[in-house]
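What follows is the residue order along each chain.
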Amino acid sequence: MRARAPMALLCIGGLAGCERVRHGVQSALDPAGHQAGRIADLWWLFLAVLAAVYALVLILLLVAAFRPRRRGRVPVGSAFPQEAPTERRLTRVLVAWAVGTTAIILTLTGFSYAVDRDILSLGHRAELTVEITAKQWWWQVKYDDPVPNRSFETANEIRLPVGVPVRVILKAQDVIHSFWVPNLHGKTDLIPGRVNETVIVANREGRFRGQCAEFCGFQHANMALDVVAVPRAEFDAWRESQLAPAVAPSDEQSQEGQRVFLTSACVMCHTIRGTTAASRVGPDLTHIATRPSLAAGTLPYSKGNLAGWIADPQRIKPGSQMPVTGLSADQLQSVLAYLDGLK
Amino acid sequence: MSARDTSARDSARFIRRDGPALGEAETHARLERTWATPPGLWGWLSSVDHKQVGRRYIVTAFVFFLLAGLLALAMRMQLAGPNQTLLTPDRYNQIFTMHGTTMMFLFAVPVMEAFAIYLVPLMVGTRAIAFPRLNAFSYWVYLAGGVMLWVAFILNVGPDVGWFSYVPLAGPQFGPGKRTDFWAQMVTFTEVAALAVAVEIIVTVLKQRAPGMSLNRIPLFVWGQLVTSSMVVFAMPAVMVSSSMLIMDRLIGTHFFNPAEGGDALLWQHLFWFFGHPEVYIIFLPATGFVSSILPVFARRPIFGYTALVLALFATGFLGFGLWVHHMFVTGLPHLGNSFYTAASMAIAIPSGIQIFCWLATLWDGRPRFATPLLFIIGFIVIFVLGGLSGIMLASVPIDSQVHDTYFVVAHFHYVLIGGAVFPLFGAVYYWFPKFTGRMLSERAGAWNFALFFVGFNLAFFPMHILGLIGMPRRIYSYPAGLGWDDLNLLATAGALILAAGVLVFLGNVWHSLKYGLVAGDNPWGAGTLEWATSSPPPSVNFVHIPVVTGREPLWEEPNGLAAVSGLRVDQRELLLTTVVDAEPDVREPSPMPSIWPLLSAIAVTVLFIGSIFTPWAVVWGSIPLAVGLIGWFWPKSPPDTPEPVVE
Amino acid sequence: MSSPCRRAVSLLLFAAFALAACDREDREPRGAPVGESGPGATVQGTLYAGEPTPPDPRRQEYEGNAYHISQGKQLYVWFNCGTCHANGGGDIGPPLMDDVWIYGDSLENIFATIVQGRPNGMPSFRNKIPETQIWEIAAYVRSMSGQTPTAASPGRNDSLNAKPAEQRTPKAEPKNSNPGGPGVEGRQ
């Protein structure tokens, strides 16, 4: 890519820094989507032009400050007499400078407009629609389908087929949040009372991390989401499995776990399709064991992390809406067995 | 004592105006008696001397700077590594809100106003600022607002929704309690104070200039403050309106920002940023005034491109009102509208670029001597230009959509604010400290101050550009390990500590120099503007004789001494007003004596504002003491009792 | 600054620090761990052997705390209390914003009502809603009739407003309230 040289020059922190810039799971400079790619290119262009301007200003400053001058004392308090030719020459340079600045600004603005138009044109080709409702402090994700009973909900996770543009409808129920997956596209706010829209597309497989980018309260720092781009066939298979109701518990401990789930605080907030738990306050847990992370990207998914999360969510994400449920140790173990089987 | 001496003194007593008839020492003594503030606590509380009020403003603003800086250090310690638990989320949210709010509302704007209050009357050659009692009132109101906010913070009622306090997070449902109400009311306090000062500066600059100081001879610092004050007049009402709407929503249940009942959450953003963007130019333009004052003195040539610089000030001031939507590029507004604001945000780089060129040209064609003020100006150019260029990146909608609300923006605004305002401010302190106090600051400590600042600042904030690009959002109290953010954050924390060391050096320098610094004469730097034509520190009357100005750098134009006008009263406070364009002497205007009413009115206003945080009835009942205060303030003074002789 | 001024200012600062942090504004997401049982448990009767046990003072933290009351309001909506009680005006369940309290109006009484359930339709939420959240809901219910401090009560909703904000609701002095414990209003 044409911008490797300035990137290398500007990296501080040595090779490690460069590595990080080029391969980041939440990096705007490691584009995995069409829009992020165009934006990154635009950024490198701006960087190259503006770095040259900055270098010029620095050189002029150093020359102005340190150039050799006629020796001789200038008594304090008197003006150094101006010579008219110098003033005229400087005025001409000033005009050239202003014209040059304007020309650079116009050029950069033109490129910016061009990229803007390009990335907006993707909306026409969207094949899939996902509706995200942002809540404090998690993402409710609904996959729409023209056939209503083929829509389903999940939480804190978006899976998309590679190369297929996805329209993302953005709503908020409480405060302003911002949907941002740097590897794929710039951010768009989710504002209560408005419906915003963006389009994302992944050009390659991979797992990317998005994060809320508008301060939304206590746990704004821990409101991330996983975006996983997979081949089309794999996406279709995933979608089918997500549509299915929850896996029935097979062994005794999981059955006990389901019973505990439905008779304790869990049922007040969570949905598990296929059971009587149908509350929409908290995330849908029907296929929780398939998710890459827990608590909106705060913890990677594992049975141990799930245990810690259920046992004391306020220690991991203080201020989050999940309360300490007060399950006993046995109850917790059985609930874990049940939830870990919800694939 | 001979009879002749006695009769000379007797006849002097009947001379009421300065002029050839009154001897130099006698003039000085009588002016000092007329203009001096009474000693003691009462005099201190009732002073209307712009220099005393200006000094208070500067000291208070720097105290807030230090407090907000401590908060910044707390944040950096929390973010030095991943998943740290030094600060709870609630405490962190309060701290970053207080840091931003204090720096923007209680330090940056007031300190620029403070220098205006102190220096503008001196630079235009008048004896007092316009509306001196309003000036005193504005200081007390500012102090009350700042103290109220910090006491609230200490009592756990400090705001926690960010310095720009977006609704609905700051609204009644999602911001429970009184925290945001204290923030909104503090805004009211500081904006009343800022508007008052703006009015005074505009009137002083337009009507009270020394004879001969026509518009094209006004110092660039004064031009900058004039444009800034005009911006204040147009921008502050927007934030007062929005903060008042927010208070009303929270206190009495209006629905300005409630979309379900016909309001709009984005209305807040528009109103706030209509103020918020000009606010940063309100902070930056006085700093350009500092640069334009300091650079000619240390480059030892008059500033190049005076006209271009003045036009650039006006262009910036005007364009600055057309940019605010660039803070809202990602909110889903129509794309065509966004494009307009891209163009406007890019366009404002042109006047700034012109200013940079003029300063570089002055330096290039001059013969620089490297004292501390010039070091800070050089630092300003290095840092501010980088910040301005990252601003050009932010003006592009696609780029902004990636880096908005990330550490890239944090880096950008610290580069333009610290580089563009704080560096010139410190240069200004080193430059004008001799004038304010009569002593020089240490040059050696100043060099260390500068070096620690420059290195510490760049180490702290340059990595943040990269952090923003690799995905670190703003306003997060901690971040997970494994995202590659750890090293850069640690580096930023190290830089912040070095910057703090620079501040300590500065404080030590000030403390030491106040007692042991070299005694400064009237004009230790050999500068050309009028404030250097009087003693250091200036007498209460500013100028014993009002000077006549014949050029842009009066002391350089007339190295053998300035001509002066005579005829002003020495037994009463009197100013000379001149015409707006050509500064021809126009009328004489009395100036108020020290008065306790500004303080009493400010106390009444404070009670009213703080009460209205808790109940709307405070507006009704609080108006009564305020009315009493204002009546006392405006009570007509009896006409002067001593008739003037027709012929002297 | 002169020396007397400096002394005054430092005294003021010390006083400010010395005053405890404003309890109304505490945001403690866990809530005070005050359980249902133990010496401070709620009772419904009026007779005691010896002297009545004083209630656990930590429960009052819920009532004077803006964060807890606003959480209670959110939970009132989430757990569908409105299906029976509407927005406080009552539907098939009794109104909550008036001055009539069948089972007592104190914070402890409301807590007990939610935990235990009541005849004729009030479900029991024991083990379904964690106790700290029930305290928050109880505190919010008290705010609906204007019984909580104005500064701590919620303002208007950021959604459709079916009634005036709780902080602007005039206090409906409870009457005919069956006394349910020590220190309860309405007790003779």
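See the structure above.
The following paragraphs examine the structure supplied in this document. (Residues numbered from 1 in each chain as written. Chains lettered and ligands numbered in written order. Predicted model: local features only at pLDDT ≥ 70, side-chain atom pairs only at ≥ 80, totals over all residues.)

**Looking at the interface of chain B and chain A**
No. 1: In this complex, chain B contributes 80 residues to the contact, which on the side of chain A involves 75 residues.
No. 2: Here the side of chain B that touches chain A takes 12 residues from helix H12 (residues 349-365) of chain B, the largest share from any one element. (Contact = placed C-beta atoms within 7 Å. Helix = DSSP H or I, 4+ residues; strand = E, 2+ residues; numbered from the N terminus.)

**Concerning the nonpolar core**
No. 1: Core analysis: the largest hydrophobic core is formed by 333 residues, its most contacted members being Ala108, Val141 and Ile294 of chain B together with Ala138 of chain C.
No. 2: Ranked by the residues each element gives to this core, the list is headed by helix H5 (residues 89-124) of chain B, at 23 residues.
No. 3: Counting only domains with at least three residues in this core, you end up with domain 1 (125-242) and domain 2 (252-340) of chain A.
No. 4: Every residue in contact with Ala138 of chain C, bar those within four places of it in the chain, is listed here: Leu107, Ile110, Phe111 and Ile114 of chain C. (Core = buried A, V, L, I, M, F, W, Y, C linked by C-beta atoms within 7 Å. Buried ≥ 20, exposed ≤ 12 C-beta atoms within 10 Å, placed from the backbone. Domains from an automatic or database assignment.)

**A closer look at the packing of helix H3 (residues 34-66) of chain A against H12 of chain B**
No. 1: The contact between H3 of chain A and H12 of chain B brings their axes to 8 Å, and the two run at 30°. Regarding the angle of H3 of chain A to H12 of chain B, the classification is roughly parallel. Here the hand of the crossing between H3 of chain A and H12 of chain B comes out left-handed. Where H3 of chain A abuts H12 of chain B, its residues Val57, Leu60, Leu61, Val63, Ala64 and Ala65 of chain A lie against Ile356, Leu360, Leu363 and Trp364 of chain B. (Axes fitted to C-alpha atoms, helices over the stretch in contact; angles between N-to-C directions. Parallel < 35°, antiparallel > 145°, perpendicular 65-115°, else oblique. Left-handed = near helix turned anticlockwise from the far one by under 90°.)

**A word on the sheet that holds strand S5 (residues 166-172) of chain A**
Hydrogen bonding along the main chain pairs the strands of a sheet, whether they run parallel or antiparallel.
All names here are of chain A.
No. 1: Across the sheet, 5 strands lie side by side as S3-S2-S1-S5-S8; this open sheet has mixed pairing. Two strands close off the open sheet at either side, each with one partner strand: strand S3 (152-155) and strand S8 (196-200). Pairs of neighbouring strands in the sheet enclose a mean axial angle of 25°, with direction left out of account.
No. 2: Sheet topology note: the strand S2 (residues 138-143)/S3 ladder contains 4 bridges and is antiparallel. For Lys142, the partnering residue across the bridge sits in S3 and is Glu153. (Pairing = 2+ DSSP bridges.)

**Notes on helix H9 (residues 329-340) of chain A**
Residue and element names in this part refer to chain A.
No. 1: With 12 residues, H9 extends 16 Å from end C-alpha to end C-alpha; this agrees with the ideal 16 Å at 1.5 Å per step.
No. 2: Along H9, the residues classified as buried are Ser334, Val335, Leu336, Ala337, Tyr338 and Leu339.
No. 3: Tucked inside the fold, the buried residues of H9 contact helix H6 (252-263) and helix H7 (303-311). (Expected span 1.5 Å × (residues − 1).)

**Some remarks on the packing of H5 of chain B against helix H9 (residues 265-299) of chain B**
Residue and element names in this part refer to chain B.
No. 1: Where H5 meets H9, the axes come as close as 9 Å, and the angle between the chain directions of the two elements is 40°. By the angle class used here, H5 and H9 are oblique. In the packing of H5 onto H9, the handedness of the crossing is left-handed. Residues Met104, Ala108, Val109, Met112, Phe115 and Ala116 of H5 pack against Glu279, Ile282, Ile283 and Pro286 of H9.
No. 2: When grouped by side-chain class, the residues that make up the contact of H5 with H9 number 9 nonpolar, no polar and 1 charged. (Nonpolar A, V, L, I, M, F, W, Y, C, P; charged D, E, K, R; others polar.)

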